[in-house]
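Okay, here's what each chain looks like letter by letter:
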Amino acid sequence: MVFDHWLYGAVPGTGYTTKAVSKGLDAGLYDQYLRGHYTPIRAATAQSYEDPIDLHMIHPVHGGREILLSRITRGPPDEAGRPTFANHTVVGHTEPLRSGRITLDSIFRAMGELERKEPELMGEMVPLEIPTRSEEERKVPFGLGIHRHLTFPALETLATRIMADATSRTLLLCRNTTPEARNTTLNFVFELLCWGCGLPIMTAISETPRSSAMNFFNLVVAPRGVRADSSWAILESALAEPVLPRVMDRDDVYQKLTEIVRQSPGLPLAR
């Protein structure tokens, strides 16, 4: 399966701009979704040359048939030797993701492989090729293995917040985790809640963005809490008991979450 994509980053003598784009894609049509936070790196991280940067962003596109998947990494130093950052964004189609033919992980892996093979990509490029899963692999339910990343009470509380208010903002606090682990957590949570349970597609990021970019997102997976306005709630990934009453008439969602947990041995069920 192939998806259009584009690369945004620093170009010597020019600054930050679109560096490469799929043939025939007008990346400007999607600028409204990323404008102001193509690379929402916190100042402390931006000034460091050593901290690893590998974060994922997810943005729904109006109409629901497409979704923007962005991978943000370090770019080459600019002409003054300062650190730069790169955004690689794929225009994904939701139908093959919902059906399980491809996964978020397979798309992000394909992006990383292309970046490693062709780090100097500029100008026109071919669409990104994504391997599809076998019929047997598609039988694996969304979210299987999520118990390694957050507790059932945390998962239930997050689902409850989204069902009670689709515009709610939640910082999922995953202490002492690596960027790779947070990327996986975001993939699991998003696929289970949005594809498996049919909840609204969230704007999400797998790292704490700079403060000016926080409110572009509905879900932030972060290793530490941050200062934010009152619209945000901090949810511990290790939560021991649900902290919100269940939403009425949504037993189907809670049952789906329970089924996934029951297939993950060693995790006690709440309620």
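So, a few notes on the structure that sits alongside this text. (Residues numbered from 1 in each chain as written. Predicted model: local features only at pLDDT ≥ 70, side-chain atom pairs only at ≥ 80, totals over all residues. Heavy atoms only, no water.)

## Structural notes on the pattern of salt bridges
Counted under the stated rule, the structure contains 12 salt bridges. Among the ionic pairs, Arg-35 bridges to Asp-31, the shortest N-O distance being 2.9 Å. When the shortest N-O distance is used, the salt bridge between Asp-252 and Arg-250 registers 3.6 Å. Beyond isolated ion pairs, a larger network of salt bridges with shared partners links Asp-54, Arg-71 and Glu-115. (Salt bridge = Lys/Arg side-chain N within 4 Å of Asp/Glu carboxyl O.)

## Points about the packing of helix 5 (residues 152–164) against helix 6 (residues 179–196)
Between helix 5 and helix 6, the shortest axis-to-axis distance is 12 Å and the interhelical angle comes to 50 degrees. In terms of axis orientation, helix 5 runs oblique to helix 6. Crossing hand, helix 5 versus helix 6: right-handed. Between helix 5 and helix 6, the contacting residues are Leu-155, Leu-158, Ala-159 and Ile-162 on the first element and Val-189, Leu-192 and Leu-193 on the second. (Axes fitted to C-alpha atoms, helices over the stretch in contact; angles between N-to-C directions. Helix = DSSP H or I, 4+ residues; strand = E, 2+ residues; numbered from the N terminus. Parallel < 35°, antiparallel > 145°, perpendicular 65-115°, else oblique. Left-handed = near helix turned anticlockwise from the far one by under 90°. Contact = heavy atoms within 4.5 Å.)

## Considerations on the environment of Gln-32
Structurally, Gln-32 can be placed in helix 1 (residues 31–34). We classify Gln-32 as partly exposed; its relative accessible area is 46%. Taking C-alpha positions, Gln-32 is 35 Å from Ser-134, a pair spaced 102 residues apart along the chain. (Buried < 20%, exposed > 50% of the residue type's maximum accessible area, 1.4 Å probe, protein only.)

## Remarks on helix 4 (residues 104–117)
The first and last C-alpha atoms of helix 4 sit 20 Å apart over 14 residues, in line with the 20 Å expected at 1.5 Å per residue. Within helix 4, burial applies to Leu-104, Ser-106, Ile-107, Phe-108, Ala-110, Met-111, Gly-112, Leu-114 and Glu-115. (Expected span 1.5 Å × (residues − 1).)

## Concerning helix 5
In this model, helix 5 (13 residues) spans 18 Å end to end at C-alpha, consistent with the 18 Å of a helix rising 1.5 Å per residue. Among the 13 residues in helix 5, 11 count as buried, and that is most of the element. Among the residues making up helix 5, those that are buried are Phe-152, Pro-153, Ala-154, Leu-155, Glu-156, Thr-157, Leu-158, Ala-159, Thr-160, Ile-162 and Met-163. Contact partners of the buried residues in helix 5: strand 8 (169–173), helix 6, strand 10 (219–222), strand 11 (232–236) and helix 7 (251–262).

## Describing the nonpolar core
Among the nonpolar cores identified, the biggest contains 53 residues, and Ile-107, Phe-190, Leu-193 and Leu-257 are the most heavily contacted of them. Only strand 1 (2–11), strand 4 (66–75), helix 4, helix 5, helix 6, strand 10 and helix 7 provide two or more residues apiece to this core. For this core, the leading source of residues is helix 6, giving eight residues. Apart from residues no more than four positions distant in its own chain, Ile-107 is found in contact with Phe-3, Leu-69, Val-90, Leu-97, Ile-102, Leu-128 and Ile-130. Formed by 25 residues, the second largest nonpolar core is a distinct cluster that contains Ile-53, Leu-55, Leu-68 and Ala-222. (Core = buried A, V, L, I, M, F, W, Y, C linked by side-chain atoms within 4.5 Å.)

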